[in-house]
There are 2 protein chains.
Amino acid sequence: MFGQSGGPTSVINASACGVFEEAFKHDCITEVYGLRHGVRGLLDENFVDMSKEDRKQISLLKNTPSSALGSVRYKLADPDKDDTDYKRILEVFKKYNVRYFFYNGGNDSMDTCSKVSAYLAKAGYECHVMGVPKTIDNDLWGTDHCPGFASAAKYLATSCMEIHHDARVYDKGTVTVLEVMGRNAGWMTASTAIASYQGQGPDLIYVPEVAFDVKKFLADVKKIYKERGNVIVAVSEGIHDANGKYIAEYSQDLAKDSFNHAQLGGTASYLANLCKEELGVKTRAIEFSLLQRCAAHSASQIDVDEAYNAGAQAVKNAVEGKSGFMVAFERNTDNGYKCNIKLLPLADVANKEKKLPKEFLNKDGNFIEKPFLDYVMPLIQGEAKPPYENGLPVFAHLKLENAANK
Amino acid sequence: MFGQSGGPTSVINASACGVFEEAFKHDCITEVYGLRHGVRGLLDENFVDMSKEDRKQISLLKNTPSSALGSVRYKLADPDKDDTDYKRILEVFKKYNVRYFFYNGGNDSMDTCSKVSAYLAKAGYECHVMGVPKTIDNDLWGTDHCPGFASAAKYLATSCMEIHHDARVYDKGTVTVLEVMGRNAGWMTASTAIASYQGQGPDLIYVPEVAFDVKKFLADVKKIYKERGNVIVAVSEGIHDANGKYIAEYSQDLAKDSFNHAQLGGTASYLANLCKEELGVKTRAIEFSLLQRCAAHSASQIDVDEAYNAGAQAVKNAVEGKSGFMVAFERNTDNGYKCNIKLLPLADVANKEKKLPKEFLNKDGNFIEKPFLDYVMPLIQGEAKPPYENGLPVFAHLKLENAANK
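Residues numbered from 1 in each chain as written. Chains lettered and ligands numbered in written order. Predicted model: local features only at pLDDT ≥ 70, side-chain atom pairs only at ≥ 80, totals over all residues. Heavy atoms only, no water.

Account for the pattern of salt bridges, naming residues and giving values.
For the coordinates displayed, the defined rule picks out 34 salt bridges over all chains. Between E22(B) and K25(B) there is a salt bridge, with the nearest N and O atoms lying 3.3 Å from each other. Put simply, K95(B) and E45(B) hold a salt bridge, and the shortest N to O gap is 2.7 Å. Linking K95(B) in helix α4 (residues 84-96) with E45(B) in the loop between α2 (39-43) and β3 (47-49), this pair joins segments that are 50 residues apart in sequence. Each of the salt bridges in this network shares a partner with another, and the network as a whole consists of E45(A), R88(A), E91(A) and K95(A). (Salt bridge = Lys/Arg side-chain N within 4 Å of Asp/Glu carboxyl O. Helix = DSSP H or I, 4+ residues; strand = E, 2+ residues; numbered from the N terminus.)

In structure tokens form, the structure reads like this:
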């Protein structure tokens, strides 16, 4: 049984493809189920019989963005306080004789996965539980990087280069503020520096790892505008002041999602307006929004391959008897770039956030240093894209037929 | 002498490449100048000697987005009221013996081109003036379509398909409002229907050709949300109510640019907030912003080829003695799609806007009919992109050395 959870990426379906294609190879796995909307589909006994899907469509998942089975943001309770969901999961697992469970997501999903694994072990139900990593935010603990990040980084770098060409065409200067996802980690926003090191990217980069000071920001912009006549600024959606208050909160009350993360957005508009008012310059705000996490037409081939492999390795290791681990990446740079697989205990990964290390940040807190480039460049190599027909990408189209009730 | 004007596109540099490469072939053209920031560079005697540029870099222009020479929005006065600029242009032309003048832009730029052409003729100065079309808006009169439009359409269709996969992953529904450029014409927004006809695009499409009624919009969204559980809406930045008031004006005072066009934007946010308040649903607003006009990594090969050819044909025709025309496209569908070149008098093209014809709009004014697909699909064929090195696109890098003063 396999489920997808959390915010989608360009390559989360590549991991699904790896899980399914590997699972079909093993005799010990007699049926392959895909959960509709992650753990929600498990609780609702709402899942798909993957063997009924056309194998060609499953193969197309490699280059199909987003979560083909549907995703969910659902927080399981602490089992010591409320074990209702866990009892239900055990009931469904017993009913369908589920002995291998794979869950694909970020740190919240690894929390779900870890809790389920621990509960099943405690209940004495034999089931191999494996986490498959996924997040554009690249903030999972213990892994060199996360599937999904590299494609988002490649998209951001490419788009920043293109925007750099566009945003400076007129004889009058402009301040362009770009807003990048990534929650409380600056990995995504740092990736815009790839374009900067090509001489075609942001002049200033602000990440959540550095407390944001509005006055300092305005002084930075003013200085660059004076020197270069045009300014491109990249900011994380999660930048906040020294007191921890999000800049997005400066102009709006934030809705809360069910994980108690603030739903971020509007930071670029706020800062662009501020520049207009305080500096009297022409401004433009651009949010990359969903585009940065679903641009499968411009994915990294390395990322697609690694995402697929993460799924396949999860199955291989489970079949070999492993349980309670997340598949993780270890970088080997002896002969160029190579990505090895390692296993991390789920409990170690759950709910932790990996931030940008200090050596990637400049002293002034407004740009990214070269060592980040050494880290990120091997990950964005190779141009992956779906097959094209009649001028358009061909994405997987699953039937998503419900599995027969037992 | 060649200049670029107005808002950039993914392929305006392909036209520049066509102009330059063709110009280098003709003995009657002894020097090739590229204006910095269009007519502004002409008035300021600020232009580049293109023969000093590396021919490989000129060739890379084919797949480099935006206006490599810089653009401008500068409206020439009526020469009967104020001929200062015209006298200056004539002076510069005489000084550098400019006998061929090519101007690449949209309807405003064709106005500039037309006025210059008429003034030179009246002054008895022999100069062949040719307009090269360009605009993502596709709103130039008399031509089947405009270079730049098809690549923007292809980008929008692809991105809408990707967003369609992303925007419906959760078990709770969302209303996603996409905002598309195009000023007062709906060609760009209509292109999102390409994705809809693939079953992976907007459910509702609103263009400026139909008066927008907020109440009708909310009823439309409510109906689709009830039927499908998720709604994607595409709106033009230029939608306006029956009185001609832009929806963007509903929430903001609009700045005016120097052509007295309102600077549009913020429509998607306004409508998404409205849906949230009035229908109580989760919403997201996405502006494609500059991305839709500079995504050279995802351009249409047909568009790149046609843009190049438009530039080359302008030079060929000028060398053959033609003047006062804009190069235009005529569609031949006898044996599949073929694009022929025709010449239109500049004065006929200037300042006119071509809107979406009625047969492309549905009766309800909230979707696009199949005949538009027959029109647009041949234009988005072929995947053009720049060469890639080290995981990134390689764009032209011009030296832009000023031509020697005379």
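Let us keep going from here.
Describe the sheet that holds strand β7 (residues 204-206) of chain A, naming the residues involved and giving the relevant values.
Backbone hydrogen bonds are what pair the strands of a sheet, in a parallel or an antiparallel way. Residues and elements named next belong to chain A. Read from one edge to the other, the open sheet built from 4 strands follows the order β7-β8-β6-β9, with strand pairing classed as parallel. Only two strands of the sheet have a single partner each, and these edge strands are β7 and β9 (282-287). Strand after strand, the sheet turns through a mean of 15° between neighbouring axes, direction not considered. Bridging between strand β6 (residues 174-180) and β9 involves 6 bridges; their strand directions are parallel. Counterpart to V175 in the pairing with β9 is T283. Relative to the sheet, helix α6 (residues 149-167) contacts β6, β8 (231-236) and β9, its axis offset from that of β6 by approximately 165°. (Pairing = 2+ DSSP bridges. Axes fitted to C-alpha atoms, helices over the stretch in contact; angles between N-to-C directions. Contact = heavy atoms within 4.5 Å.)

Can you explain the packing of aromatic side chains? Please cite residues and give values.
Per the counting criterion, the structure on display carries 41 aromatic pairs over all chains. Summarising the aromatic geometry, the rings of F212(B) and F217(B) are spaced 5.4 Å apart at their centres and angled 45° between planes, so their arrangement reads as tilted. Grouping residues by exposure puts F212(B) and F217(B) together as buried. An aromatic cluster of three or more residues is present, and its members are F149(A), W187(A), F360(A), F372(A) and Y375(A). Geometry around F24(B) places R55(B) over its ring, the cationic atom sitting 3.6 Å from the centre. One Lys or Arg, K245(B), reaches over the ring of Y250(B) and ends 5.4 Å from the middle of that ring. (Phe/Tyr/Trp six-rings, centres within 6.5 Å; stacked < 30°, edge-to-face > 60°. Buried < 20%, exposed > 50% of the residue type's maximum accessible area, 1.4 Å probe, protein only. Lys NZ or Arg CZ within 6 Å of the ring centre and 35° of its normal.)

Could you give an account of the interface of chain B and chain A, naming the residues involved and the relevant values?
Listed per partner, the contact involves 59 residues of chain B and 59 residues of chain A. Of the roughly 4,700 Å² buried at the junction of chain B and chain A (both faces included), carbon and sulfur atoms supply 60%. Across the contact surface, chain B and chain A share 2 salt bridges. R293(A) is paired through a salt bridge with D166(B); the nearest N and O atoms lie 2.8 Å apart. Taken together, chain B and chain A are joined by 26 residue pairs in polar contact (both at pLDDT 80 or more). Taken together, the elements giving at least two residues each to the side of chain B that touches chain A come down to α6 (149-167), β9 (282-287), α12 (291-294) and β15 (392-393) of chain B. Across the side of chain B that touches chain A, the residue classes tally to 27 nonpolar, 20 polar and 12 charged. (Buried area = accessible area lost by both parts, 1.4 Å probe. Polar contact = N/O pair within 3.5 Å; in protein donor to acceptor, adjacent residues only side chain to side chain. Nonpolar A, V, L, I, M, F, W, Y, C, P; charged D, E, K, R; others polar.)

Explain helix α5 (residues 107-122) of chain B to me, and be specific about the residues and the numbers.
Turn by turn, an α-helix covers 3.6 residues, leaving residues three or four places apart pointing in a common direction. Residues and elements named next belong to chain B. Between its terminal C-alpha atoms α5 stretches 22 Å, which fits the 22 Å expected from 16 residues at 1.5 Å a residue. Among the 16 residues of α5, 13 are classified as buried, and the element is accordingly described as predominantly covered. Directly after α5, the chain includes G124, whose backbone phi takes a positive value near 75°. (Expected span 1.5 Å × (residues − 1).)

Explain the sheet that holds strand β7 (residues 204-206) of chain B residue by residue, including any values.
All names here are of chain B. The 4 strands are arranged β7-β8-β6-β9 in an open sheet whose pairing can be described as parallel. Edge strands, defined here as strands with exactly one partner in the open sheet, are β7 and β9. The sheet shows a mean angle of 15° between the axes of neighbouring strands, taken without regard to direction.

Give a description of the side chain of T9(B) that names residues and reports values.
Residue and element names in this part refer to chain B. Mapped onto the fold, T9 is located in the loop between β1 (2-4) and α1 (12-23). Accessibility expressed as a relative area gives 0% for T9, which makes it buried. A distance of 2.9 Å separates a polar side-chain atom of T9 from the backbone nitrogen of V11. Residue contacts for T9: discarding those within four places in its chain leaves P65, S66, K134, T135, I136, G148 and R293.

Tell me about the packing of helix α4 (residues 84-96) of chain A against helix α5 (residues 107-122) of chain A, and name the residues and values.
All names here are of chain A. Relative to each other, α4 and α5 sit at 70°, their axes nearing to 10 Å. As the angle between them shows, α4 and α5 are arranged roughly perpendicular. Contact residues: Y86, K87, I89, L90 and F93 in α4; K115, V116, Y119 and L120 in α5. Class assignment for the residues of the contact of α4 with α5 results in 7 nonpolar, no polar and 2 charged. (Parallel < 35°, antiparallel > 145°, perpendicular 65-115°, else oblique.)

Would you mind going over the pairing of strand β8 (residues 231-236) of chain B in detail, with residue names and values included?
On a regular strand, one side chain projects to one face of the sheet and the next to the other, so that they alternate. Residues and elements named next belong to chain B. Burial within β8 is extensive, with 6 of its 6 residues counted as buried. Along β8, one buried face is formed by V231, V233 and V235 and the opposite face, lined by I232, A234 and S236, is buried too. Where strand β6 (residues 174-180) lies against β8, 6 bridges are found, and the strand directions are parallel. Paired with V180 across the bridge in β8 is S236.

So, the nonpolar core: which residues are in play, and what are the values?
Residues F372(A) and F372(B) are the most contacted members of the largest nonpolar core, which totals 92 residues. Not counting residues within four places of it along the chain, the set of residues in contact with F372(A) comprises F149(A), W187(A), A190(A), S191(A), L356(A) and F360(A). (Core = buried A, V, L, I, M, F, W, Y, C linked by side-chain atoms within 4.5 Å.)

Outline the relation of the copies chain B and chain A, listing residues and values.
Overlaying chain B on chain A yields an RMSD of 0.0 Å, the required transformation being a rotation through 180° with an accompanying axial translation of 0.0 Å. In short, the pair behaves as if placed about a two-fold rotation axis. Within chain B, the C-alpha atom positioned nearest to the axis of rotation is that of E287(B), 3.7 Å from it. Both copies present the same face, since 100% of the interface residues in chain B are matched by interface residues at the equivalent positions in chain A. (Least-squares fit on C-alpha atoms with pLDDT ≥ 70 in both.)

Which residues make up the side chain of T135(A), and what values do they have?
Residue and element names in this part refer to chain A. Locating T135 in the fold gives a position in the loop between β5 (128-133) and α6. From its side chain, T135 meets the backbone nitrogen of D137 in a polar contact 2.8 Å long. With residues near it in sequence (within four places) discarded, T135 still touches T9, L140, C146, P147, G148 and F149.

By themselves these figures say nothing about function.
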